[in-house]
Amino acid sequence: MSLHHELAAGVYWVGQLDWNFRYAHGFSTDRGSSYNAYLIVDEKAALIDTVEAPFAEALLRDVAEIVPLDQLDYLVSLHVEPDHSGGVPAVLAACPNAKLVTSTPAGIKGLRAHYGPLEAVTVKTGDSLPLGRRGLHFVQTPMLHWPDNMAAFLPEEGILFSSDAFGQHYASSLRFDDQAPKERLFAEAAKYYANIVLPFGGPALKALEAIKPLNPRVIAPAHGVVWRSYLPEIFAKYEDWANHRDNGSAVVVYDTMWGATERMARAAAAAFMDRGVPVEVMGLQRNTVADVMALVMEAKYVAVGSSTQNTGVLPPMAAFLSYLKGLAPKNKTGFAFGSYGWSGQSPGLIQELMQELGWTLPWEPFRQLYAPTDEVLETLKQALIEKI
């Protein structure tokens, strides 16, 4: 059963939906994902990207409904990660006349590392691939989010095939942004950026500088729905995210052993509410680090608390702090707190990481021996109010 969808005359989405996709190198994807491949049929036929290897047979069936497989002229690989390139061997085997096209030097190096001694036409920024009355123009976007990432522009249709940029891990039967619930779409785009692209703000800004002058009318990413109506909004969001701009909100992240640190987290949230600061409280026993990071990315204030266990933080908090360090959000004001029974190192360890990230730290870590009384919670609240 074919899923292909025509985006413009002779330009097709031939990707596959993975409704049960739940994990992407470190973070949860509770709305699944799509592996977006695109087919351009002109005097020459070009397939842009493939799919995860288990979906390659379905991809080939969809392509064959549009153009005979022996008439595919090019397979363009914009990114070598296996969720994009996993079908490369199957496509090349089934399409004997297709030439592989990828970026130099990182694209061909990565594909050969994954799939052996492949032959390819290599391209770089400024190169073009004529297809007939239309042609692809390439723009390398290194470290967005791998060294090999590249975008391809089809100027005659105004379509930018953007690879990982502007993507969402979002399996949807709807193909376009204006067909999807807007709040959900932008939440998934934010979650994607926060958990994949956030450490690469500089490369993201460079990519935007290269892409925006092209004035694309449509952005076709490697995951999620295709953008055609909300381009100004998603461009503005990427500029904010890449520049580590906050929206003035707060997030309180905590893990607790017997409830003491949870009560402290609620007191911290009350301080933000008293100041009129929008706040979300995220306990790590009930929320994934991916959802937490989407909030942290846009927050101005980040309060983090953990009970102390064996001279360190609780294990879920340790995992979160490691994840936070790798994604390295900037321009935050941080507050560390936590309860303890006899040693009490956890708030200090949290503060050390915040300092390493270069955050503003307006108070000393707030430590509480055993369960906090109402008076202690009020002291915490008032101390935090004074620093907001």
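Data block above holds the structure.
What counts, and at which threshold
One numbering rule holds for all chains: residues counted from 1, following each sequence as written. For a predicted model such as this one, the threshold for reporting local features is a pLDDT of at least 70, and the threshold for listing and counting side-chain atom pairs is 80 or more; totals across whole chains, interfaces and linings nevertheless cover every residue. Water and hydrogen atoms play no part in the side-chain values, which are based on all heavy atoms of the structure. Under the scheme used here, helices are H or I runs from DSSP no shorter than 4 residues and strands are E runs no shorter than 2 residues, and both carry numbers assigned from the N terminus. Any two residues having at least one pair of non-hydrogen atoms within 4.5 Å are treated as being in contact. Per-residue accessibility, obtained with a 1.4 Å probe over protein chains only, is compared with the maximum for each type, and a residue is labelled buried under 20%, exposed over 50%, and partly exposed between these values. Paired strands, as defined in this entry, are two strands with at least two bridges between them according to DSSP. Here an axis means a line fitted to C-alpha atoms, over the contact stretch when the element is a helix, while the angle between two N-to-C directions is reported on a 0 to 180 degree scale. Angles are sorted into four bins: roughly parallel if under 35 degrees, roughly antiparallel if over 145, roughly perpendicular if 65 to 115, and oblique for all others. Left-handed describes a crossing whose near helix is turned anticlockwise from the far helix through less than a right angle; right-handed describes the clockwise counterpart. Here a salt bridge means any side-chain nitrogen of Lys or Arg lying within 4 Å of a carboxyl oxygen belonging to Asp or Glu. A right-handed crossover is one whose linking path, passing over the helix from the first strand to the second, runs clockwise when the strands point away from the viewer.

Caption draft 1: Molecular detail of the environment of L136. Within the secondary structure layout, L136 lies in strand 13 (residues 135–140). Apart from the residues within four sequence positions on either side, L136 is in contact with I40, I48, V76, D127, S128, L129, L131, A152, F153, L154 and F161.

Caption draft 2: Molecular detail of the side chain of T333. Inspection of the secondary structure assignment puts T333 in strand 22 (residues 333–340). Taking relative accessible area as the criterion, T333 reaches 13% and is therefore assigned buried. Those residues in contact with T333 that lie beyond four places of it in its chain are K300, Y301, V302, T360 and P362.

Caption draft 3: Representation of the sheet that holds strand 8 (residues 45–48) within the structure. One open sheet holds the seven strands; their spatial order is 1-2-7-8-9-10-11, and the pairing between them is mixed. Of all the strands in the sheet, the pair left with one neighbour each is strand 1 (5–8) and strand 11 (121–123). Shown here is a sheet whose adjacent strand axes are inclined to one another by a mean of 25°, direction ignored. Looking at chain direction, strand 7 (residues 38–41) and strand 8 are connected through four bridges and run antiparallel. What sits directly across from V41, in strand 8, is A45. Along the sheet, helix 1 (residues 56–66) contacts strand 2 (11–13), strand 7 and strand 8; its crossing angle with strand 7, the most-contacted strand, is approximately 20°. With respect to the sheet, helix 4 (residues 106–115) is in contact with strand 9 (74–77), strand 10 (99–103) and strand 11, its orientation differing from that of strand 10 by roughly 120°.

Caption draft 4: Broad picture of the packing of helix 6 (residues 201–211) against helix 7 (residues 231–242). As a packed pair, helix 6 and helix 7 sit with axes 9 Å apart at the nearest point and diverge in direction by 150°. By the angle between their axes, helix 6 is roughly antiparallel relative to helix 7. Like other packed secondary-structure pairs, helix 6 and helix 7 cross with a definite hand, here left-handed. Listed contacts from helix 7 to G201, A204, L205, L208 and I211 of helix 6 are F235, Y238, E239 and A242.

Caption draft 5: Just unusual backbone geometry, in detail. Residue P105 follows T104 across a cis peptide bond; omega there is 5°. Along the chain, P105 falls in the loop between strand 10 and helix 4. The omega torsion across L144 and H145 is 15°, close enough to zero to call that bond cis. With respect to the secondary-structure elements, H145 resides in the loop between strand 13 and strand 14 (150–154). With a phi close to 60°, S163 is a non-glycine residue in the positive phi region. Note on placement: S163 falls in strand 15 (residues 159–163). Of note in the backbone geometry, F166 takes a positive phi value of approximately 70° without being a glycine. Within the secondary structure, F166 is located in the loop between strand 15 and helix 5 (182–197).

Caption draft 6: Molecular detail of the environment of N287. Here N287 shows up in the loop between strand 18 (279–283) and helix 9 (289–298). N287 sits in the partly exposed class, given a relative accessible area of 25%. In this structure the C-alpha to C-alpha distance between N287 and H4, which are 283 residues apart in sequence, comes to 35 Å. In contact with N287, other than residues within four places in its own chain, are M282 and V292.

Caption draft 7: Spotlight on the pattern of salt bridges. All told, the structure shown has 17 salt bridges when counted by the stated rule. In this structure, K191 and D30 form a salt bridge, with 3.5 Å as the shortest nitrogen-oxygen distance. Within this pair, whereas K191 is found in helix 5, its partner D30 is found in the loop between strand 5 (27–28) and strand 6 (33–35), the two being separated by 161 residues in sequence. What makes K191 buried here is its relative accessible area of 4%. Between K381 and D274 there is a salt bridge, with the nearest N and O atoms lying 2.9 Å from each other. Here the residue K381 occupies a position in helix 12 (residues 374–387), and D274 occupies one in helix 8 (residues 260–274), the gap between them amounting to 107 residues. Each member of the salt-bridge network shares a partner with another, and the members are D42, R133, R134 and E157.

Caption draft 8: The arrangement of the pairing of strand 10 in detail. The buried fraction of strand 10 amounts to four of the five residues, a majority that puts the element mostly inside the structure. Direction of pairing for strand 9 relative to strand 10: parallel, over a ladder of four bridges. By the bridge assignment, S77 is partnered in strand 10 with T102. Judged from the three bridges that link them, strand 10 and strand 11 form a sheet pairing that is parallel. Among the inter-strand pairings, S103 is bridged to a residue of strand 11, identified as V123. With helix 4 bridging strand 10 and the parallel strand 11, this β-α-β connection has right-handed handedness.

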